[in-house]
Amino acid sequence: MRPTHRPFVASLIVFAACSPDYKLDRTAARVVVSPGLVDVGVVAIGGSTSGEITVTSVAGGDVEVVAAELLVLEGDGFSVGTLPVVPQEGAAALTVSFSPSEVGYHLARLTLTTDEPRNNLHVVDLRGAAGIAAAEVWPSVLDFGPVGAGTTADLPFTFANTGDIDLTVGSGILEGGGPFTLSTATPVHVVAGDTAAFVVTFSPIDAAPAGSALSFLLDAVSPVLTLRGNDCANGTAARYDTDGDGYTTCAPDCDDGRADVHPGAAESCDGADEDCDGRVDEGTPCADDDGDGVTEDDGDCNDGDATVAPTAAETPDNGVDDDCDGVIDRGTEDTDGDGYATEGGDCAPADPSVYPGAPELEDGLDNDCDGRTDEGTSLYDDDGDGMTEAGGDCDDTDATVYAGAREAADGADDDCDGTVDEGTSFGDDDGDGWTETGGDCDDTEAAVHPGAEELDGDGTDNDCDGTVE
């Protein structure tokens, strides 16, 4: 029997083909994890951000990430999302979240364990930083004042990044919408410590009071800008008293472009209603006060009596120069030449400035013979509040307005000190742009108002949110 080596060779071939080491080298699953460092950037305290780790299959079948061990090296705030299964010849993402509670740099090391048959540990370093997000808007209230329907008005405001991280200002959120728009193109990147200028446009479709609030939601900080327009009752008084005469358009001041036009002002011959009573030039020589068709400038010698005018007929024996020709009818005597005799009602026949219907002068006399002295002049208390115009009454047609009166929230200078609504809930007494009606919880302190920076340890609710830090 001849020997043969064929079985031995065959067995070697089988052995080689079935070798476990050889099979493992060809079919072992393997993944690559990248990047080796995940930097999630800077985020505000109270905010969050995330980064991504990619696990890519480079050989073999599916691979499962079975464990994740997070070792904090400095700080806090890192967390790992759902552990993925990586498909053969595919890739999967693992999310790393960062929500820090402390300011500063934060470092961690993440070790991922997979079900790979060998080299199944993968290390990724994590890095992030945290800062304080803080912002203010100035002024905190934009009051457009009176704006006509169908027209537009623009007002600027400043956005200040008062924190230590950069902020990106988006379009903002307008409460209730309405006729206000943020006109500045967004987004605007504002680095820490810097400011940016913005513009709001008011486009009313009618004269109705309008109000809104513009909020900026930025990494756990939300400054709010209050917007008002055509709201005389609740608005900033100065916006409705542009001529500085102490009267606002809701008092009302019938011409807020002229300081000499307001309730109680002296009427003059200029075709304007200076005292805002709906009549023009009354009490002046160019007005026909008695309605007889003739003014004093046209020759009416008594513009307080409609029966007396150059066009009137003379009435015998009435003691009046009815036709203004300088001659009183027979049987009477006009001793002072004022057109009236005693029989016609002249209460001072020796004084030509005194006769029925004469203009009242500041002279202590009853010039018009009506039984009152100096009425309608600065020496007379026309509204009965105990004060004359000469004595400090800036509106002698309103008994609630005089020097020393109590200021009311009515858009008028009630105490005649040149300031409107001071000391009331509608007045901005501390000049911080906020009234008590608008939410100022301390209108004597300019550093206290909604949206102000809260100061730790001062025992004051600086931002008027109801809490003291």
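Above this note sits the structure.
Here we summarise the structure given alongside this text. (Residues numbered from 1 in each chain as written. Predicted model: local features only at pLDDT ≥ 70, side-chain atom pairs only at ≥ 80, totals over all residues. Heavy atoms only, no water.)

Counting its regular elements, the chain contains 2 helices and 19 strands. Relative to the globule expectation of 23 Å for 469 residues, the C-alpha radius of gyration of the chain, 44 Å, shows a markedly less compact shape. Burial statistics for the chain: of 469 residues in total, 39% are counted as buried. Just so you have it, the chain exposes about 23600 Å², and 52% of that area is on carbon and sulfur atoms. A distance of 42 Å separates the average location of the 15 positive side-chain charges in the chain from that of its 105 negative side-chain charges. (Helix = DSSP H or I, 4+ residues; strand = E, 2+ residues; numbered from the N terminus. Rg over C-alpha atoms; globule rule 2.2 N^0.38 Å. Buried < 20%, exposed > 50% of the residue type's maximum accessible area, 1.4 Å probe, protein only. Areas by Shrake-Rupley, 256 points an atom, 1.4 Å probe, with all protein chains shown as cover. Lys, Arg positive; Asp, Glu negative; His and termini not counted. Charge placed at Lys NZ, Arg CZ, Asp CG, Glu CD.)

Most of strand S19 (residues 224-229) sits inside the fold, with 5 of its 6 residues counted as buried. Judged from the 3 bridges that link them, strand S11 (residues 141-143) and S19 form a sheet pairing that is parallel. Considered in S19, the bridge of Leu142 is made with Leu227. As paired elements, strand S18 (residues 210-215) and S19 share 6 bridges and run antiparallel to each other. (Pairing = 2+ DSSP bridges.)

The subject of this paragraph is the state of the cysteines. Scanning all chains against the criterion turns up 7 disulfides. Paired through a disulfide, Cys254 and Cys276 show a sulfur-sulfur distance of 2.1 Å. Because the sign of the S-S torsion sets the handedness, a value of about -85° for the bond joining Cys254 and Cys276 places this disulfide among the left-handed ones. Within this pair, whereas Cys254 is found in the segment after S19, its partner Cys276 is found in the segment after S19, the two being separated by 22 residues in sequence. Judged by relative accessible area, which is 45%, Cys254 ranks as partly exposed. A sulfur-sulfur distance of 2.5 Å marks the disulfide that ties Cys269 to Cys286. Where Cys269 bonds to Cys286 through sulfur, the torsion about that S-S bond is close to -115°, and the disulfide is left-handed. Taken together, the residues Cys269 in the segment after S19 and Cys286 in the segment after S19 connect sequence positions 17 residues apart. Cys286 sits in the partly exposed class, given a relative accessible area of 27%. (Disulfide = S-S within 2.5 Å.)

Of all hydrophobic cores here, the largest spans 29 residues; its most connected members are Phe144, Phe157, Phe159, Val200 and Phe216. Those elements giving two or more residues to this core turn out to be strand S10 (135-138), strand S12 (153-161), strand S13 (167-169), strand S15 (180-182), strand S16 (188-190), strand S17 (195-202), S18 and S19. One finds Val38, Val63, Ala92 and Leu94 within the second-largest nonpolar core, a separate group that totals 21 residues. (Core = buried A, V, L, I, M, F, W, Y, C linked by side-chain atoms within 4.5 Å.)

Considering the arrangement of structural elements, one finds Ala59 in strand S3 (residues 49-59). By relative accessible area, which is 24% here, Ala59 ends up partly exposed. Expressed as a C-alpha distance, the spacing of Ala59 and Val32, which sit 27 residues apart in the sequence, is 9.7 Å. Leave out the neighbours within four places in its chain, and Ala59 touches Ala28, Ala29 and Arg30. (Contact = heavy atoms within 4.5 Å.)

What follows is about the environment of Ser378. With respect to the helices, strands and loops of the structure, Ser378 is situated in the segment after S19. In the structure, Ser378 is positioned 146 residues away from Cys232 in sequence and 30 Å away in space, judged by C-alpha atoms. Look past the residues within four positions of Ser378 in its chain and what remains in contact with it is Glu362, Thr388, Glu389 and Ala390. Among the polar contacts made by the side chain of Ser378, one reaches the side chain of Glu362 at a distance of 2.3 Å. (Polar contact = N/O pair within 3.5 Å; in protein donor to acceptor, adjacent residues only side chain to side chain.)

A sheet is described by the order of its strands in space; here 5 strands give the open sequence S2-S9-S8-S4-S6, paired in mixed fashion. With partners counted over all chains shown, the strands left at the sheet margins are strand S2 (37-44) and strand S6 (85-86), one partner each.

Take the packing of aromatic side chains next. When we look at a pair of aromatic rings, we describe it by the centre distance and by the angle of the planes. Counting across every chain of the model gives 10 aromatic pairs. Residues Phe198 and Phe216 carry aromatic rings whose centres are separated by 6.5 Å and whose planes lie at 50° to one another, so their mutual orientation is tilted. One end of the pair, Phe198, is in strand S17; the other, Phe216, is in the loop between S18 and S19, and 18 residues separate them in sequence. We note that Phe198, like Phe216, is buried. (Phe/Tyr/Trp six-rings, centres within 6.5 Å; stacked < 30°, edge-to-face > 60°.)

On to the pattern of salt bridges, then. One side chain can pair with another of opposite charge once the charged atoms of both are near each other. By the definition in use, this model includes 9 salt bridges. Among the ionic pairs, Asp277 bridges to Arg279, the shortest N-O distance being 3.0 Å. Accessibility expressed as a relative area gives 33% for Asp277, which makes it partly exposed. For Arg372, the salt bridge identified is with Asp370, shortest N-O distance 3.2 Å. With a relative accessible area of 41%, Arg372 lands in the partly exposed category. (Salt bridge = Lys/Arg side-chain N within 4 Å of Asp/Glu carboxyl O.)

Looking now at the sheet that holds S17. Strands pair in a sheet through their backbones, by hydrogen bonds, and they do so in one of two ways: parallel or antiparallel. Spatially, the 4 strands line up as an open sheet ordered S10-S12-S17-S15, and their pairing is antiparallel. Each edge of the open sheet carries a strand with a single partner, namely S10 and S15. Averaged over all neighbouring strand pairs, the angle between strand axes comes to 30°, with direction disregarded. Where S12 lies against S17, 8 bridges are found, and the strand directions are antiparallel. Bridge pairing in S17 links Phe157 to Phe198. (Axes fitted to C-alpha atoms, helices over the stretch in contact; angles between N-to-C directions.)

Here we come to a negative patch on the surface. Where like charges cluster on the molecular surface, the negative patch consists of Glu453, Asp456, Asp458, Asp465 and Glu469. Inspection of the secondary structure puts Asp456 in the segment after S19. With relative accessibility at 64%, the residue Asp456 sits in the exposed group. (Patch = residues over 30% accessible without salt bridge, like charges linked within 9 Å, V, L, I, M, F, W, Y side chains within 5 Å.)

Here we take up the environment of Val169. Here Val169 is to be found in strand S13. The spacing of Val169 and Phe216 is 47 residues in sequence and 7.0 Å in space, taken between C-alpha atoms. Among residues more than four places away in sequence, those in contact with Val169 are Phe159, Thr186, Pro187, Val188, Val190, Phe198, Phe216 and Leu218.

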